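# Observations on the model geometry
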Amino acid sequence: MSEDQIKNLEKEFEARIARDEKIEPKDWMPEKYRQTHIRQMSQHAHSEIIGMLPEGNWITRAPSLRRKVALLAKVQDEAGHGLYLYSATETLGISRDQMYEQLHTGKAKYSSIFNYPTLTWADMGAIGWLVDGAAIINQVPLCNTSYGPYARAMIRVCKEESFHQRQGYEIMIKLANGTPEQKEMAQDALNRWWWPSLMMLGPTDDKSVHTAQSMKWKLKRKTNDELRQQFIDQTVPQADLIGLTVPDPDLKWNEERGSYDFGEIDWDEFWQVVKGHGPMNKARMKARVGAWERGQWVRDAAMAHAEKKEERKQKQAV
Amino acid sequence: MSTKNWPLWEIFVRSKNGLEHRHCGSLHASDAEMALENARDVYTRRNEGVSIWVVESKHITASNPENNGELFEPAQDKVYRHPTFYDLPDEVKHM
C-alpha cells in the first residue's frame with residue numbers, strides 16, 4: 001500500500017471512531033491502534049490473573065463459610081475476567097502463549113497494586129472495597145471503548161464486578177463494628193491500601209504518556225486525574241459512614257469545587273513498585289511462573305490424550 | 001511429548017429455550033469435551049445459559065470486511081423488499 005492510501009485509510013478509520021462506530025477484528029486498523037490495544041488489553045488480563053494471588057492467600061483462612069464462598073467466587077471471577085480479556089486480545093493477532101511469555105519474562109506489566117502483601121483478613125475487605133472500587137471506575141467507561149471485543153468483554157466484567165466491591169465493603173463494615181481489635185485491623189488495612197488504590201488510577205495527567213492518543217481512540221474516556229477524583233469523592237463518605245478514617249491529613253471537602261481536595265501522592269513509591277521493587281513483585285512472579293511450569297505436564301497430557309482419541313476415531317472410520 | 005498448544009474454540013450460549021445460541025467469546029481447550037467444560041465455567045457462572053455449542057475457531061470461515069461493499073450494499077437500494085414501499089388506501093387498517 002502506498003503512503004497516501006494508508007493516510008486515507010487512517011482518515012476513514014479516525015472518522016469511524018469519531019462517529020462512535022465499533023472496530024471489529026478483521027477491520028483495517030492502524031498498526032499503532034493494534035499495538036496499543038494489545039498492550040493495554042493484555043496488561044488488563046495479566047492484572048486479573050496476578051490479582052488472584054493476594055486474595056488466594058486468604059481463601060483457606062476465611063473466618064466463615066459465607067466469607068469463604070464469596071471469596072472463592074470472586075477469585076474465580078478474576079480468572080474468568082482474565083480469560084475474557086486474553087481471548088479478546090487474541091483477536092488482534094497475538095497468541096495466548098506470546099502473552100504469557102511477556103508476563104513471565106517481565107516484559108508486560110500488570111497493575112502495580114498487586115505487588116502489596118495481604119497481611120490480615122481485613123485486607124480482603126480493603127481490596128474488594130478500594131481496589132475493586134477503583135477498578136470499576138476505570139472499567140465502566142471501557143464498556144464504550146472503540147474496539148468491539150474489548151468493549152464486550154468489559155460489559156461482562158463490569159456486570160460481575162459490583163458484587164466484588166460490595167462483599168469487600170461488607171467485610172469492612174463488620175470489622176469496623178466489631179471489637180476494638182477488629183476495628184483497628186480494618187483501619188490498618190485502609191491505611192495501607194488507600195494510597196496504592198489512588199496510584200492504581202495511573203500517573204497524573206501531565207505525566208501520563210498515553211492519555212491523549214487513548215482518549216482519541218476512546219480507549220480511555222476520562223483522564224487519570226478525573227477518575228481519581230471520582231474515586232475519592234465516592235469513597236470518602238463510605239469510610240465516614242463506617243467510622244474509619246482516610247489516612248490523608250490534607251483531605252478536605254472543597255465547597256467550591258464540590259469535590260474533596262487531597263494530599264500529595266508519593267509517586268516515587270509508585271514508580272519503584274512499577275519498576276519491580278515493590279514488596280511482593282518477586283513473590284508474585286515466582287508464584288505465577290511456578291504455577292505455569294508445574295502445569296506443563298497437565299497441558300501436555302491433555303493434548304496427547306486428545307490426539308490419541310482423534311487418531312482412534314479416524315482409524316475406526318477407515 | 002507434544003508441545004503443541006491447546007487450540008482455540010468459539011463459544012455459543014443459548015440463554016434460555018426459545019432463544020438462539022449467541023457467540024459469547026472464545027477459550028483454549030485440548031478437545032471438544034474440555035472446551036464444553038471450560039465454557040461452562042468461564043461463560044455460565046451466573047445462570048447465563050441452558051445450552052452451549054463449541055466450535056474450533058479454525059473451522060469458521062468469516063467474510064472479509066473489505067468485501068462489505070459488494071456483499072451488503074446491493075441490499076440497500078431494494079426498498080421494494082420492505083412493506084412500507086407499497087401504497088395502501090387509508091381505509092385499509094390491517095395489512
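Conventions adopted
- Residues numbered from 1 in each chain as written.
- Chains lettered and ligands numbered in written order.
- Predicted model: local features only at pLDDT ≥ 70, side-chain atom pairs only at ≥ 80, totals over all residues.
- Heavy atoms only, no water.
- Pairing = 2+ DSSP bridges.
- Helix = DSSP H or I, 4+ residues; strand = E, 2+ residues; numbered from the N terminus.
- pLDDT = per-residue confidence, 0-100.
- Phe/Tyr/Trp six-rings, centres within 6.5 Å; stacked < 30°, edge-to-face > 60°.
- Buried < 20%, exposed > 50% of the residue type's maximum accessible area, 1.4 Å probe, protein only.
- Lys NZ or Arg CZ within 6 Å of the ring centre and 35° of its normal.
- Salt bridge = Lys/Arg side-chain N within 4 Å of Asp/Glu carboxyl O.

## Topic: the pairing of strand β2 (residues 21–28) of chain B
All names here are of chain B. Sheet topology places strand β1 (residues 8–14) next to β2; 7 bridges connect them, and they run antiparallel. Bridge pairing links I11 to G25 in β2. Linking two consecutive strands that pair antiparallel, namely β1 and β2, is a turn of 6 residues; a positive phi of about 105 degrees is found at G18 within it.

## Focus: the confidence of the model for chain B
Residues and elements named next belong to chain B. Here chain B averages 93 in pLDDT, and 97% of its residues register 70 or above. Within chain B, the element-level pLDDT minimum falls on helix α2 (residues 68–72), averaging 93, and the maximum on strand β3 (residues 51–56), averaging 98. In the predicted complex, the global pTM is 0.93; the interface-specific ipTM is 0.88.

## Regarding the packing of aromatic side chains
Tallying each qualifying case throughout the model produces 17 aromatic pairs over all chains. Ring centres of W253 of chain A and Y260 of chain A lie 4.9 Å apart, and the angle between their planes is 75 degrees; this geometry places the pair in the edge-to-face category. Under the relative-accessibility criterion, Y260 of chain A is labelled buried at 13%. Judged by centre distance (6.5 Å) and plane angle (55 degrees), the rings of F12 of chain B and W53 of chain B are tilted. Taken as a pair, F12 of chain B in strand β1 and W53 of chain B in strand β3 lie far apart in primary sequence, 41 residues in all. Since its relative accessible area comes to 49%, W53 of chain B is described here as partly exposed. Put simply, the rings of F13, W28, Y33, Y147 and W217 of chain A pair up and form one aromatic cluster. Just above the ring of Y84 of chain A sits the side chain of R156 of chain A; from NZ or CZ to the centre is 4.9 Å.

## Section: the pattern of salt bridges
Residue and element names in this part refer to chain A. Applying the stated criterion across every chain, the model contains 28 salt bridges over all chains. For R221, the salt bridge identified is with D20, shortest N-O distance 3.9 Å. Of this pair, R221 sits in the loop between α9 (211–216) and α10 (224–241) while D20 sits in the loop between α1 (3–18) and α2 (31–50), placing them 201 residues apart in sequence. When its relative accessible area of 33% is taken as the criterion, R221 is described as partly exposed. For D20, a relative accessible area of 48% translates into the label partly exposed. Several salt bridges share partner residues, and in doing so they unite E12, R16, R19, E21 and D27 into one network.

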